[in-house]
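Chain by chain, the residues:
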Amino acid sequence: FIPERHLEIEMVNYKFLTPGKIVILLQGRFAGKKAIIVSTSNGSRERPFGHALVAGIERTPLKVTKGMSEKKVLKRSKCKPFVKFVNLRHVMPTRYQVDIDVKSIVKAADMKPDPDLAFPARKAMKKALKELFNKRYLAKPGSNAGISFFYQKLRF
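Every value quoted in this text rests on a predicted model; they were computed, and no experiment measured them.

What counts as what
- Residues numbered from 1 in each chain as written.
- Predicted model: local features only at pLDDT ≥ 70, side-chain atom pairs only at ≥ 80, totals over all residues.
- Heavy atoms only, no water.
- Salt bridge = Lys/Arg side-chain N within 4 Å of Asp/Glu carboxyl O.
- Helix = DSSP H or I, 4+ residues; strand = E, 2+ residues; numbered from the N terminus.
- Pairing = 2+ DSSP bridges.
- Axes fitted to C-alpha atoms, helices over the stretch in contact; angles between N-to-C directions.
- Contact = heavy atoms within 4.5 Å.

Visitor: A description of the pattern of salt bridges should follow, citing residues and the corresponding values.
Guide: Applying the stated criterion across every chain, the model contains 3 salt bridges. Of the charged contacts, one joins K80 and E58 as a salt bridge, the two residues approaching to 3.9 Å between their closest N and O atoms. Of the two residues, K80 is situated in strand β4 (residues 80-87) and E58 in strand β3 (residues 51-59); the sequence distance between them amounts to 22 residues. In this structure, R136 and D99 form a salt bridge, with 3.6 Å as the shortest nitrogen-oxygen distance. Taken together, the positions of R136 in helix α3 (residues 115-138) and D99 in the loop between β5 (91-97) and α3 put the pair 37 residues apart, joining distant regions of the chain.

Visitor: Outline the sheet that holds strand β1 (residues 21-25), supporting the account with residue identities and numerical values.
Guide: Across the sheet, which stays open at both edges, the 5 strands sit in the order β4-β3-β2-β1-β5 with antiparallel pairing between neighbours. Whereas interior strands pair on both sides, the edge strands pair on one side only; in this sheet they are β4 and β5. Direction aside, neighbouring strands of the sheet carry axes that sit 35° apart on average. Inspection of the sheet shows β1 paired to β5 by 4 bridges, in the antiparallel sense. Across the sheet, the residue bridging to L25 is V91, located in β5.

Visitor: Mind laying out the environment of K33, listing which residues take part and the relevant values?
Guide: By the secondary structure assignment, K33 is in the loop between β1 and β2 (34-41). Residues K33 and L154 lie 121 residues apart in sequence; the distance between their C-alpha atoms is 7.3 Å. Contacts of K33, omitting those with residues within four sequence positions, involve V23, I24, L25, I57, E58 and F82.

Spatial relationships are all this shows, so hold off on functional conclusions.
So this is what it looks like as structure tokens:
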């Protein structure tokens, strides 16, 4: 168990990691993938460290042009989302912020540690995220540079 004062000190360093900020994951299965921060926390009993709930894209959509048919556009614009709790030390923030409302779909309460209860909730959450990301990808990015950055494959 980590003392409360240590948890407060830990979060002070990460004040800039706000909901809507695009981050790049550095560790684990989704290392090198982009994600949006949904919420942050100082720590809890099961996760005694500063962590964030993130929603990201595992597989980015392909490029779409004007000359493509509707069927081809729908097929190429599909993306594969993921939702995960991440240690704040394992994310690299970018300068981009997005206005995608992910918080209404992704809730920390649905991320239960019990696999029997969590599976149906996570499946429904992933489906809703997939629809939201696909819809937002096909819409015009407008003046928000973060949207176009979020949907591009990370080159490194």
